[in-house]
Amino acid sequence: MADQNKTSAKVEFGNELLNPSELFEARTRSHKIPVRGQTDFIPTGSDQQRDRLLQSLDEHWNLVSEERVERLGNLVKAVWIPSDMIVELQSPAGKFWQTMGFSAHGKQCLHPEEALYLMECGNLQVFYQDLPLSIQEGYERFLYSKTMSIQHYQVFGHLKRLGYVVNRFDPSSVPSQYERQLNLPQSRDRSGRLPKRKRSHSPTSRHTGTQEGPTSKRMEEEKDCNREEEDKNLDSLPDLSAPDIDKIQTASHAASTTSTEGGQSRSWWSKEGSPDSDPELTGQPQSSPRWDFSSIPFPDLGSRRWLPSSLTSPDPCLLPGAVGSVGACDVAPWLQRLNLREVRMSRHEWERERDRYRRDINQDREVRRCRNWAEYQELQERRIQRSRRDRPAHLWKGPVTPLHDPAQVTSTGELLDKISVIKSTRLLEGASSLKGSEEWRICFNIYQPVTVAEFKKSAPGKPYSRMCVCSFDGPVLDLWTLKLLAFQSGDIPVTYAVVDHGDISFYSFKDFQIPTDVSF
Amino acid sequence: MDSPEPKRTVSREDASKESMAISRQVIGINFCGPTPLMWRADELKSARELGIIGTLVGSLARQPRQNTRLGRPLELLPEEGRLLADMGRAAVIPDSTNEDPEVNPEQVQQYHAGMENSFQEQGAMALEDRKTTLLRVMTAKHNEDSGSQEDSNGAVRDRLEALDHGFSFPRTAMAVQLCTARAGLSHCPEVRRLLATDWPIPRDERSETRFRVFRDLRRQGFYLTSAGKFGGDYLVYPGDPLRFHAYFIVVCISMDESMPLCDVLAIARLGSNVKKTVLLCSSGESQEDDGEEVVYTSLQWSGMV
């Protein structure tokens, strides 16, 4: 068929609606785009230049004014639902369903930007109030919100036209760092709870009945260890024989049963059970601890002043119920296990010890030698000078002091760090503590262009990158935002698409370390 | 013989009338959020004749899945829209998406009637097309065979009759237009003049400076487009950007503020790398009069000769 768009044909602009004969003829339209010619540098006003310009312009208007004409059988019908801001398909989806769209209450649906893109490609016809929407109406109705403005759509369309698979970013779909460490299998459906780790039956695991997340487990284990030690103290007192791991285990289990029976949640931080420190022990009523530690005597077997030969029998109410009453405890075998030898210290150390713990200034010999207040002050001065021999006053007394004291031991790396003006930081350093922002957010996940058969919407895998859309008119990207978005994105790099009146530039930031010629 | 082509030749008189009509019409600008857009091809042409280039941001109808050449809508710089409005050549069409509450049965009926009519006409044309092809093929075949005229005419007549009876044009084969611009009353010039609202004027100094610079350069005959990727405000062309390279990168700065030297160096370096002259532009006193000046300073990297 001959190319119908000759450059000499004048284009009629008046009416943009095509009549049936035009529609019919449009089936055999050419699909080629003419190549742009070379541009000149200086306008010469010559006829040749003018003619070339007119020819370029004619070509341009021919392309721009062309309307989309599609075979009705190739169009998928859909309806715009403004209340939900989605487009619902009314005839079965075509090839685009492999990478776009989602199912909602039994129907195939599209997001507004996906629907608009398909309208522009001539694959979809969207109806609203029983009339088909034009592309203009699509832009004005679908791109109304802040989540999907015209700038977002321009980036979306640009990437889709290049072949990438683009879908909306969902912050909850990013696995947390802990989950990545555990290497949990990723499933798209996040509504079900993650499988719980089975608690092993070890001395440290006490509360097998409670449900808690991984982070609180650690805190609880710590608490359990502390509690176990405390129980050991109580339980080992009445034991006459050598301590046995099994005995302790059974004893501690017995203790745990009594404590759980009693419904205790002992808070380690205060005597009264404070509800804040035990968030994960749900289902156990909070009450004050059973023991009043201030009235229970805990013998100090390491003290040198008082060495009892035996310990009296403890109050039966302090002991687990099954044990009953026990006799006095002979201390001697226990003392053998303790190191009661005196520490040999040099005179200097002895004096320092003495001074540290029992500082009586009048016992200081040098102070005794001072006859008046002035001499005492001189003594103080001398002492300070002695300790600061290396710090001359003219350097250290003023408002500006040296950056580093030569007497202090340090490494070259630390010194370099001190003299650096800008501290380097890695992208994810300190990023977990940053709060979300209203204006900066990740909009899209981008997947590389692959064959249609390989991409699965239910298990798309890791995206190639995530996109954040901004513009040169808006606020400038700062380190805080970079860190925030890098953290939100997990281990996928973030690309920034800057839209400037139809022109899009892409920027991305990568971590790298400036090599330093020093071994730390 | 080729299939019939619609002849689009227009007489000289019609062409000039048409261009006059185009030049007198008021261009409609529709906002999509804060972004001014133009949708109709004839208005794009009018705007370009006034020196307003804009940027095409939509998919091209002919080949939607590529990025080298885009199609409508045309996105305007805020300065471009404001200049058109100030010249009285454009009007902002208010957004009517929230107004229509329910289905308009008359319009729906019109739409369906139009579709049915189109279907019938296209069916007839398809039949004609088939007949013509058949005739052509059969005539060519008979010319080769050199059989008797009587037999061949009879055969052709039989085949044509069979086609008349047996031909069916399915609904799915019908060609349908997906309109780019919104059809409707707002394109009637009188209605448009009534509907038009004022251009939203921003209140900050930077937008005002940018606008003054834009207006001044446009008045001098230059064509301007946006230059974000060159680190400036506008790219200045001596003629239509389709045919010429840009001469200048315009950076609009305030008359009173001092510019740090490293910024000057950065922009000068950039200009020399892309072989364009950098123009630092500031506007004079912020009064309403036309006579206020725009001051230009050009930066060019030169060596010590």
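Before any of the text, the structure's been laid out above.
This is a predicted model, so every value here is computed, not measured.

(A) Structural detail: the sheet that holds strand β8 (residues 234-237) of chain B. Residue and element names in this part refer to chain B. The strand order across the open sheet built from 5 strands is β7-β8-β9-β10-β11, with neighbouring strands paired in mixed fashion. The sheet is open, and its two edges are formed by β7 (223-226) and β11 (294-299), each paired on a single side. Sheet twist, expressed as the mean angle between neighbouring strand axes with direction ignored, is 30°. Across 3 bridges, the pairing between β8 and strand β9 (residues 248-252) is antiparallel. In the sheet register, valine 236 faces β9, and the bridge partner there is phenylalanine 248.

(B) Structural detail: the sheet that holds strand β11 (residues 444-447) of chain A. All names here are of chain A. Spatial strand order, β8-β11-β12-β13-β14: 5 strands in an open sheet with mixed pairing. Pairing within the sheet leaves two strands with one partner each, and these edge strands are β8 (165-168) and β14 (503-508). Taken pair by pair, the neighbouring strands of this sheet meet at an average axis angle of 30°, ignoring direction. Looking at chain direction, strand β12 (residues 465-471) and strand β13 (residues 494-500) are connected through 6 bridges and run parallel. Note that in β13 the partner of cysteine 468 across the bridge is tyrosine 496. Those strands touched by helix α15 (residues 479-489) are β12 and β13, and its axis lies near 125° from that of β13.

(C) Expanded view of the interface of chain A and chain B. At the junction of the two partners, chain A supplies 87 residues and chain B supplies 82 residues. Across the pair arginine 182 of chain B and glutamate 140 of chain A runs a salt bridge whose closest N-O atoms are separated by 2.3 Å. At the junction of chain A with chain B, the criterion picks out 28 residue pairs in polar contact (both at pLDDT 80 or more). Of the residues in the side of chain A that touches chain B, the class split is 36 nonpolar, 26 polar and 25 charged.

(D) Here's a closer look at the nonpolar core. Counting residues in each nonpolar core, the largest one holds 42 residues, and the members touching the most others are Leu110, Leu124, Val126, Tyr139, Phe142 and Phe444 of chain A. Among the elements that make up this core, the one with the highest residue count is helix α3 (residues 112-121) of chain A (6 residues). Residue contacts for leucine 110 of chain A: discarding those within four places in its chain leaves Ile86, Val87, Leu89, Phe96, Met100, Gly101, Phe102, Ala115, Leu118 and Leu124 of chain A. Core analysis: the second largest hydrophobic core is formed by 36 residues, Leu53 of chain A together with Phe31, Ala47 and Leu224 of chain B among them.

(E) Main features of helix α2 (residues 47-65) of chain A. The terminal C-alpha atoms of α2 of chain A lie 26 Å apart, and with 19 residues this matches the ideal 27 Å at 1.5 Å per residue to within 8%. Taken as a whole, α2 of chain A has its buried residues at Gln49, Leu53, Ser56, Leu57, Glu59, His60, Trp61, Asn62, Leu63, Val64 and Ser65 of chain A.

(F) Main features of the packing of aromatic side chains. The full count for this structure, using the stated rule, is 15 aromatic pairs over all chains. Where phenylalanine 31 of chain B meets tryptophan 199 of chain B, the ring centres are 5.3 Å apart and the plane angle is 50°; that geometry is what we call tilted. Of this pair, phenylalanine 31 of chain B sits in strand β1 (residues 27-32) while tryptophan 199 of chain B sits in the loop between α6 (189-195) and α7 (205-219), and the two are 168 residues apart along the sequence. By relative accessible area, phenylalanine 31 of chain B is classed as buried at 18%. Judged by relative accessible area, which is 12%, tryptophan 199 of chain B ranks as buried. An aromatic cluster is defined as three or more aromatic residues linked by ring pairs; in this entry it consists of Tyr117, Tyr139, Tyr153, Phe156 and Phe444 of chain A together with Trp39 of chain B. The ring of phenylalanine 127 of chain A has lysine 77 of chain A lying over it, and the distance from NZ or CZ to the ring centre is 4.8 Å. Across the ring face of phenylalanine 211 of chain B, the terminal group of arginine 82 of chain B is positioned such that the distance to the ring centre comes to 4.0 Å.

Thresholds, definitions, all that
Residues numbered from 1 in each chain as written. Chains lettered and ligands numbered in written order. Predicted model: local features only at pLDDT ≥ 70, side-chain atom pairs only at ≥ 80, totals over all residues. Heavy atoms only, no water. Pairing = 2+ DSSP bridges. Helix = DSSP H or I, 4+ residues; strand = E, 2+ residues; numbered from the N terminus. Axes fitted to C-alpha atoms, helices over the stretch in contact; angles between N-to-C directions. Contact = heavy atoms within 4.5 Å. Salt bridge = Lys/Arg side-chain N within 4 Å of Asp/Glu carboxyl O. Polar contact = N/O pair within 3.5 Å; in protein donor to acceptor, adjacent residues only side chain to side chain. Nonpolar A, V, L, I, M, F, W, Y, C, P; charged D, E, K, R; others polar. Core = buried A, V, L, I, M, F, W, Y, C linked by side-chain atoms within 4.5 Å. Buried < 20%, exposed > 50% of the residue type's maximum accessible area, 1.4 Å probe, protein only. Expected span 1.5 Å × (residues − 1). Phe/Tyr/Trp six-rings, centres within 6.5 Å; stacked < 30°, edge-to-face > 60°. Lys NZ or Arg CZ within 6 Å of the ring centre and 35° of its normal.

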